[in-house]
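Notes for the structure review
One letter stands for each residue in the lines below.
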Amino acid sequence: MSYQCILTEVKQGVGIITLNRPDAMNALNATLCREVGEAVDHFEADEAIGCTIITGGDRVFAAGADIKEMKDQSFAALHANNFPYIQRDCWRAIDDARKPIIAAVAGFALGGGCEMVMACDFIIAAESATFGQPEVGIGTMPGAGGTQRLTKAVGKAKAMEMCLTGRMMGADEAERVGLVARIVAADELAEQALKTAAKIASMSRPAVMLIKESVNLGVSSSLNDGLRFERRAFEATFAFEDCSEGMNAFAEKRKPVFKNK
Ligand code: CO8
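Residues numbered from 1 in each chain as written. Predicted model: local features only at pLDDT ≥ 70, side-chain atom pairs only at ≥ 80, totals over all residues. Heavy atoms only, no water.

1. Considerations on the pattern of salt bridges
All chains considered together, the criterion is met by 16 salt bridges. Note that Lys 158 is salt-bridged to Glu 173, the shortest N-O span being 2.6 Å. Here Lys 158 is found in helix α7 (residues 156-165), whereas its partner Glu 173 is found in helix α8 (residues 171-176), with 15 residues between them in sequence. A relative accessible area of 23% places Lys 158 in the partly exposed class. Judged by relative accessible area, which is 13%, Glu 173 ranks as buried. When salt bridges with common partners are traced through the structure, they connect Lys 158, Glu 161, Arg 167 and Glu 173 into a single cluster. (Salt bridge = Lys/Arg side-chain N within 4 Å of Asp/Glu carboxyl O. Helix = DSSP H or I, 4+ residues; strand = E, 2+ residues; numbered from the N terminus. Buried < 20%, exposed > 50% of the residue type's maximum accessible area, 1.4 Å probe, protein only.)

This is the structure:
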């Protein structure tokens, strides 16, 4: 598939989406959002893919929604279309994906960029990564999950401070407070993200999908509901050929050969 604002490639069972508007710090315009959504859907449907990476490359993830494109929008148009950038395209695809999506972040992940990486399943950050919700500085506010996902990730105090002042958070602080899974050297970001994604892609896919669903349910449900779902899901894994293969392989001291069944 050919795209205007992103690049895509496949390596080791991993679909890689690279935001590609270098002259605008990868600002998220409607085309880019639509293309990310299409690429996520495409990898989700591709049986050869077990995990997706979304990255902005080694300089910047994204400096937010494209302000120049957005500035003349009206409330009526946004409301009538349910803010199409978010609802119909990119975020819907990321939210619906059942295979894991890793965000690999270097440099700024601001505004909609921060919201996009928080919508992914986890973030691997380069030392240069900087997260922020600076919308208040241009007279608006986060609109694609910033006030909600940031608060769940880092707690009310830091989320409130960041959203109200636009203060940015560097990689060290982001790792300390649990916003990112891991920090890697800037020149190793692509390699480390691929290594992690390839490892996930090599696991039993039905088990991976149930684990993702179970962890996500834990974010939005009560502990009791989450525990009940987890128990049933765990029991259900015993219906997978891969579960039998994984346990037999352990007992026979060999590597499992998963069939994603
Ligand atoms: N939109 C459009 N263009 C941008 C954006 C942006 N968000 N950010 C940077 N650019 C462009 C600049 O205009 C500039 O272009 P040009 O060379 O043609 O003038 C180029 O990228 C380089 O930028 P700077 O010269 O400003 O680079 P600096 O290194 O001096 O500064 C900053 C980098 C600090 C990142 C600065 O560019 C900045 O503050 N950018 C705006 C950050 C911001 O406010 N982001 C929030 C946007 S609103 C938002 O995200 C709402 C989300 C709601 C949902 C979104 C769904 C998609």
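2. A closer look at the packing of aromatic side chains
This model, assessed by the stated rule, comprises one aromatic pair. Judged by centre distance (5.3 Å) and plane angle (75°), the rings of Phe 234 and Phe 238 are edge-to-face. Assessed through its relative accessible area of 48%, Phe 238 is described here as partly exposed. (Phe/Tyr/Trp six-rings, centres within 6.5 Å; stacked < 30°, edge-to-face > 60°.)

3. Here's the deal with the site of the ligand
Around the ligand, a shell composed of 26 residues is seen, among which Ala 63, Ala 65, Ile 67, Lys 68 and Gly 112 lie nearest. Side-chain polar atom of Lys 68 to an oxygen atom of the ligand: 2.8 Å apart, as the coordinates give it. Within the complex, the protein chains bury 66% of what would otherwise be the 1100 Å² of accessible surface of the ligand. For the shell around the ligand, the secondary-structure elements that each account for two or more residues are α2 (67-70), α4 (84-96), β5 (108-110) and α5 (112-119). When its residues are assigned to classes, the shell around the ligand shows 17 nonpolar, four polar and five charged. (Near = heavy atom within 4 Å. Polar contact = N/O pair within 3.5 Å; in protein donor to acceptor, adjacent residues only side chain to side chain. Areas by Shrake-Rupley, 256 points an atom, 1.4 Å probe, with all protein chains shown as cover. Nonpolar A, V, L, I, M, F, W, Y, C, P; charged D, E, K, R; others polar.)

Geometric values such as these leave the question of function open.
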